[in-house]
Amino acid sequence: MATLLNNPTYRGYAFQIVFVLVLGWLVWDIIDNTARNLQKANIAAGYGFLDRTAGFGIVQKLVDYAESSSYGRALLIGLLNTLLVSGLGIILATVLGFIVGVARLSSNWLVSRVAAAYVEILRNIPLLLQLFFWYFMVLRAVPGMREKWTLFGVFHLNIGGLHVPKLVLGETAWVIGAAILIAIAIMIFVAKWGAARQSATGYRPPVGWINLAVLIGLPVAAFFVAGQPLHFDVPVFNETGPLLMRGFQADSGMTVIPEFVGLLLSLSLYTAAYIAEVVRSGIQAVSRGQTEAAASLGLRPRQTLRLVVVPQAMRVIIPPLTNQYLNLTKNSSLAVAVAYPDLVAVGGTVLNQTGQAVEVVSIWMLFYLGLSFLTSAVMGYFNKRAALVER
Amino acid sequence: MNRKIASILIGATMALTGATAAGAGTLEDVKAKGFLQCGANGGNLIGFGATDEKGEWSGIDVDFCRAMASAIFNDPTKVKFTPLNAKERFTALQSGEVDVLSRNTTWTMSRDSSLGLQFVGVTYYDGQGFMVRKALGVSSALELSGAKVCTQTGTTTELNLADYFRSHNMPYEVVAFEKNEEVLQAYEAGRCDAYTTDASGLYAERLKLTNPDEHMILPEIISKEPLGPAVRQGDDKWFTLAKWTLFALLNAEELGLTKANIDEKKTSDNPEIKRFLGIEGNFGEPIGLPADWAYNVIKGVGNYGEIFDANIGPSTPLGIARGLNNLWSKGGIQYAPPIR
């Protein structure tokens, strides 16, 4: 017995088993206690309410939704809106962040100062204030509901949002979708062939031009072959009639609501400031000797950046970049402050109408957790690819 | 099974606070800590629950809590207020964070039956209305077809709005903000044609606009919104106390008892007044209070009519007429069972 107690392996196992048992008991106790307390307080529990009719309207919906849809459907609309704003926000913030980050290292004094000022101002003001600033600035800057500004004859802007023609897909539109997929496959093949050819012969075929031709040519050809299954639904603007009826007609064209624009702007501008710093630190982490070595090998500055600096900088950039993506996604839950119907906004209405606080909060947490896991997994994959392979 | 999954997530909070909810009586708890914890409107709703620049609370919802404090402690100041938003309010009451929720909350069946709370009565008969710009040239809510409507999220107003427009076959678009402040700003910026919330709230919000006179409140009331305080289910004694505090306010107005004249009325021969003041019989004892509990209420905060006039009545900036909220004997529907 004494030898077993002194054996580090067995002792280690014993402690771990005790720990798991205690943790399990704690979790079970919390669940059981809550269920009993809910019952005792006479509060209905369970997820049955998701099938009941929601009955309220939502201003932006990516898939079909009406007041007669269910609470579950309403939450789905909210989730899609969250995905839309975080997805676009991540793309915008990354592009802008890389530009600002590189600009901050520029040898041009003005460019680097402007970039530094951008970073310092944007990241030192609370996001909620920026959100209000952009939203109300957007609202105050554009013409009222019965007027409009028109750009290029097809884009119309007023306080109701940006009104653009909506792409309507015909029955045979899938042919075009298929053509795009095939074009992408061909492009990948051409790129690989080009690279092989370059290493074999030293000459690089005009891969870019070939790919451009494929990308445009194939879908256009498919469009005509399928009998032109696309057309545009143009927004209708009424200038006469009672005042309330003037302005853009509902359900005509596509409307990008100002709530979305305000939220997207503030999220991407704010996060871009952080990404800029991440990019700067990544580039500065690549030692100067690397650049000099590349130059002495005869690589041109652009090649140096593309083949030597960026691949090494990515190792440093990707992990903190993942953090910023997660932050942006989570920060998008501020949406309700400016009436953008994201998951939290819609869920809040569901919560209030049904009173199922525990359930709705659990759905929120589950979705955000899932979203964060997904982002982490994707970024983890890129990180692995960028990581230093030691031989 | 579902119940268990749901429970995992905020289990810890409920496990800690749920015990108080089901434990000793709320009255004993309140007496022991020496003050009443009251959930009030955190959104600065003038006339109902609002704080001034000194942090002093006012409003009829606030005065109801003061009335309860007067009944329990004979001191209307023994109240602490918890500012709550629409989303937080029920959880705050359920979890025992507040002893009573008095935050212009609509009494509905689902709230009364499945949220673990009980409505005490109606402090204000309200209904949802619309505010529009006079320049819009609209005189009835029925002309609002195709309108963009701003409102606050997380309340029954979104549902009422949808029901009203659907039942009249009118298209609409709703823009729902988290806080009143932003609803008002967006409405003022012209994002919406109309602003909808409870009519009482509209009167209050209109005053905050740059030019209140350019806006009007449409005559239609599209919903029944009886606003009242609520307490947790399962503590009948506390429920009765809260209910009769409200009835005392109403009965005092009916009996002509005011904050100013209640001391003189002690000599009154009217048996109803004598019972009210605790001179005849002891109606306080069964609810755990002294015999003169009702006297303390009126001495502390005045009767229902006084509270109404001081906070939202015609002489205040809100200028709301008594209407439905008048006593039953004066053409309204406010009616309280007798104290006897």
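Residues numbered from 1 in each chain as written. Chains lettered and ligands numbered in written order. Predicted model: local features only at pLDDT ≥ 70, side-chain atom pairs only at ≥ 80, totals over all residues.

Caption draft 1: Representation of the overall build of chain B. In terms of helices and strands, chain B carries 12 helices and 13 strands. Radius of gyration (C-alpha) of chain B: 21 Å, near the 20 Å computed for a compact globule of 340 residues. Overall, chain B is about 60 × 55 × 40 Å in size when its C-alpha atoms are taken along their principal axes. Within chain B, buried positions represent 53% of all 340 residues. In chain B, of all internal contacts separated by at least 6 residues, the share reaching a separation of at least 24 is 73%. (Helix = DSSP H or I, 4+ residues; strand = E, 2+ residues; numbered from the N terminus. Rg over C-alpha atoms; globule rule 2.2 N^0.38 Å. Buried ≥ 20, exposed ≤ 12 C-beta atoms within 10 Å, placed from the backbone. Contact = placed C-beta atoms within 7 Å.)

Caption draft 2: Structural context of the overall build of chain A. Each helix and strand counted, chain A has 12 helices and 8 strands in total. Its C-alpha atoms give chain A principal-axis dimensions of roughly 85 × 75 × 50 Å. Within chain A, contacts between residues at least 6 apart in sequence are counted, and of these 65% link residues at least 24 apart.

Caption draft 3: Looking closely at the interface of chain A and chain B. Taken residue by residue, the interface counts 49 residues in chain A and 55 residues in chain B. Elements with a contribution of two residues or more to the side of chain A that touches chain B: helix 2 (8-40), helix 5 (127-141), helix 8 (258-285), helix 11 (343-354) and helix 12 (357-386) of chain A. Ranked by residue count, the leading element in the side of chain A that touches chain B is helix 2 of chain A, at 7 residues. For the side of chain A that touches chain B, the per-class residue count stands at 29 nonpolar, 15 polar and 5 charged. (Nonpolar A, V, L, I, M, F, W, Y, C, P; charged D, E, K, R; others polar.)

Caption draft 4: Quick look at the sheet that holds strand 2 (residues 155-158) of chain A. Residues and elements named next belong to chain A. Taken in spatial order, the 4 strands line up as 1-2-3-8 in an open sheet, and their pairing is antiparallel. Strands at the two margins of the open sheet, each flanked by one partner only, are strand 1 (149-151) and strand 8 (254-256). Between one strand axis and the next, the sheet turns through 25° on average, direction left out of account. Where strand 2 and strand 3 (residues 161-164) come together, 3 bridges link them in antiparallel fashion. Residue pairing for strand 3: Asn158 is matched across the bridge by Gly161. (Pairing = 2+ DSSP bridges. Axes fitted to C-alpha atoms, helices over the stretch in contact; angles between N-to-C directions.)

Caption draft 5: View of the environment of Gly234 of chain B. Turning to its location among the elements, Gly234 of chain B is positioned in the loop between strand 13 (225-232) and helix 9 (236-255). Considered as a pair, Gly234 of chain B and Gln118 of chain B are 116 residues apart in the sequence and their alpha carbons are 8.9 Å apart.

Caption draft 6: Examining the packing of helix 3 (residues 60-73) of chain B against helix 11 (residues 293-301) of chain B more closely. Residues and elements named next belong to chain B. Where helix 3 contacts helix 11, the two axes come as close as 8 Å, and the packing angle between them is 135°. With respect to helix 11, the element helix 3 is oriented oblique. Crossing geometry of helix 3 relative to helix 11 is assigned as right-handed. Along its contact with helix 3, which presents Asp63, Arg66, Ala67, Ser70 and Ala71, the element helix 11 presents Trp293, Asn296, Val297, Gly300 and Val301. Tallied by class, the residues present in the contact of helix 3 with helix 11 amount to 5 nonpolar, 3 polar and 2 charged. (Parallel < 35°, antiparallel > 145°, perpendicular 65-115°, else oblique. Left-handed = near helix turned anticlockwise from the far one by under 90°.)

Caption draft 7: Structural context of the domain arrangement of chain A. Domain assignment breaks chain A into domain 1 (2-42), domain 2 (71-165 + 234-386) and domain 3 (168-233). Placing the centre of domain 1 of chain A and that of domain 3 of chain A at their C-alpha centroids yields a distance of 58 Å. (Domains from an automatic or database assignment.)

Caption draft 8: Quick peek at the domain arrangement of chain B. Residue and element names in this part refer to chain B. For chain B, the domain assignment lists domain 1 (2-125 + 226-330) and domain 2 (128-223). Between the C-alpha centres of domain 1 and domain 2 the distance comes to 29 Å. Each partner contributes to the interface: domain 1 provides 15 residues, whereas domain 2 provides 12 residues. Considered class by class, the residues forming the side of domain 1 that touches domain 2 number 9 nonpolar, 5 polar and 1 charged.

Caption draft 9: Structural view of the pairing of strand 10 (residues 172-177) of chain B. All names here are of chain B. In terms of residue burial, strand 10 counts as a mostly covered element, since 6 of its 6 residues are buried. Here strand 10 shows two buried faces, one formed by Tyr172, Val174 and Ala176 and the other by Glu173, Val175 and Phe177. By the bridge criterion, 6 bridges tie strand 9 (residues 147-152) to strand 10 in an arrangement that is parallel. Within strand 10, the residue paired with Cys150 across the bridge is Val175.

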